[in-house]
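Report on the structure
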Amino acid sequence: MPSLETELDRARELSVDDLADAIESIGFECTRCGACCTSHGEDEHTATVFPDEVRELQAAAAAGDSADATGSDTAESDTTAEARDWRDVARPMPYGLTEGEDGPEGETFEWALQTDGCGDCVFYAEDDAGVGACTAHDDRPLICRTYPFSVALDGTSQPMGEAVDEAGVVRAHECEGLGRDISRADAEALAAALKERAVRELEEAIDVRDAYAPVDTGAGEVVVHDSEGAKRPDGTQLSD
Ligand code: SF4
C-alpha cells in the first residue's frame, strides 16, 4: 500500500481538466432529493468535516440565524457567531468508538457533521412542499460540495454508498443525479473542489498520524484526534 505522502503527491498532481473530463463523461446534476443529507434506515447521516470547516459552519450558521431573526446582517450576528456551540455543528465520528454503559467511548480520528433527532444533517431542511435544501449551502464542507464523487487514492474518504461508476481516477457513488448533463463550467468547479478535498484529506491524515499519542479514555469518555491535536467532543483541546 502506498504511503500517505505518496498519495498526497499524486493528489497534488491531479489535473483539474482530466477530473472535469471524467465528471462530464459520467454526468451529474443535483435533483435535491436530499438522500446525501439524510439518514438511511437505522444509519445516521455521516459525513466528514475538517476542524476549520466546523468553525466556518459555526460562524455561518450563527450569522444566518441572526440575519433571519433581525432581517439584517449587523454586528449582532458577530456576537451570536461567537456563541455558536461546536457541538451544534459537529460530533465525534462514531467509527472506532464502542458502546459503554454511559454511552459511546474511546478514541476516534475525525469529526462528522452533527445530526438532528431524525439522524439527518442538522443543516438539512425541507420546505412545506417537502423540497429539501442545505441551509449552509455557501459554507458547506468539501465532502458535500463534491458529492457523489471521490478519487481513487488511498487515505481519501469515500462517501456513503457503493461506487457505481468510474472514469480514470474519479469514482461516482450511488446518487439519482448521476448520468445527467453537466456544463463544462460546473464540471470544472466540481473537479477543482474534488482535487482540493483529496489534498486536504491526505494532509489531515498525515497530521493526525504524526500528532497521535494514545489517550487512556475512561468510561463514557470520547477523544477526537484531529490535525490540531486531541480534543473533547465539545471541540476543546484535551490539554487545556
Ligand atoms: S451541510 Fe448541507 S449539503 Fe452537507 S450534508 Fe448537511 S445539509 Fe447536506
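In the block above lies the structure referred to throughout.
The text that follows walks through the structure, step by step, so that each part is easy to find. Everything numeric here is computed off the predicted structure, so don't read it as measured data. (Residues numbered from 1 in each chain as written. Predicted model: local features only at pLDDT ≥ 70, side-chain atom pairs only at ≥ 80, totals over all residues. Heavy atoms only, no water.)

**Considering the overall build of the protein**
Counting secondary structure elements, the protein contains six helices and 12 strands. Taking all 240 residues of the protein together, the buried fraction comes to 41%. With the model as given, the accessible surface of the protein reaches about 12,400 Å², and the carbon-plus-sulfur share is 46%. (Helix = DSSP H or I, 4+ residues; strand = E, 2+ residues; numbered from the N terminus. Buried < 20%, exposed > 50% of the residue type's maximum accessible area, 1.4 Å probe, protein only. Areas by Shrake-Rupley, 256 points an atom, 1.4 Å probe, with all protein chains shown as cover.)

**Things to note about the site of the ligand**
Taken together, Cys37, His45, Leu113, Cys121, Phe123, Tyr124, Cys134, Arg140, Pro141 and Cys144 form the complete shell of residues around the ligand. In terms of residue class, the shell around the ligand is built from eight nonpolar, one polar and one charged. (Near = heavy atom within 4 Å. Nonpolar A, V, L, I, M, F, W, Y, C, P; charged D, E, K, R; others polar.)

**A look at the environment of Gly106**
Structurally, the position occupied by Gly106 is in strand β4 (residues 103-108). Residue classification places Gly106 among the buried residues on the basis of a relative accessible area of 13%. Taking the C-alpha atoms as reference, Gly106 lies 9.6 Å from Pro94; in sequence the two are 12 residues apart. Once residues lying within four places of it in the same chain are set aside, the contact partners of Gly106 are Leu97, Thr217, Glu221, Val222 and Val223. (Contact = heavy atoms within 4.5 Å.)

**Here we look at unusual backbone geometry**
A cis amide bond, omega 10°, links Tyr147 with the succeeding residue Pro148. If you trace the backbone, Pro148 turns up in the loop between α5 (142-145) and β8 (149-151).

**Focus on the packing of helix α1 (residues 4-12) against helix α6 (residues 184-211)**
Their axes nearest at 9 Å, the elements α1 and α6 cross at an angle of 160°. Here α1 is positioned roughly antiparallel relative to α6, judged by the angle of their axes. Pair α1 / α6 crosses with left-handed handedness. Contact residues: α1 offers Leu4, Glu5, Glu7, Leu8, Ala11 and Arg12, while α6 offers Lys195, Ala198, Val199, Leu202, Glu203, Ala205, Ile206 and Arg209. In terms of residue class, the contact of α1 with α6 is built from eight nonpolar, no polar and six charged. (Axes fitted to C-alpha atoms, helices over the stretch in contact; angles between N-to-C directions. Parallel < 35°, antiparallel > 145°, perpendicular 65-115°, else oblique. Left-handed = near helix turned anticlockwise from the far one by under 90°.)

**Side note on the packing of aromatic side chains**
If you walk through the whole model with that rule in mind, you get three aromatic pairs. Seen from their ring centres, Phe28 and Phe149 are 5.8 Å apart, and the 85° between their planes marks the pair as edge-to-face. One end of the pair, Phe28, is in the loop between α2 (16-26) and β1 (48-49); the other, Phe149, is in strand β8, and 121 residues separate them in sequence. Sitting over the ring of Phe50, Arg200 keeps its end group 4.3 Å from the ring centre. (Phe/Tyr/Trp six-rings, centres within 6.5 Å; stacked < 30°, edge-to-face > 60°. Lys NZ or Arg CZ within 6 Å of the ring centre and 35° of its normal.)

Treat this as a map of the structure, not an account of what it does.
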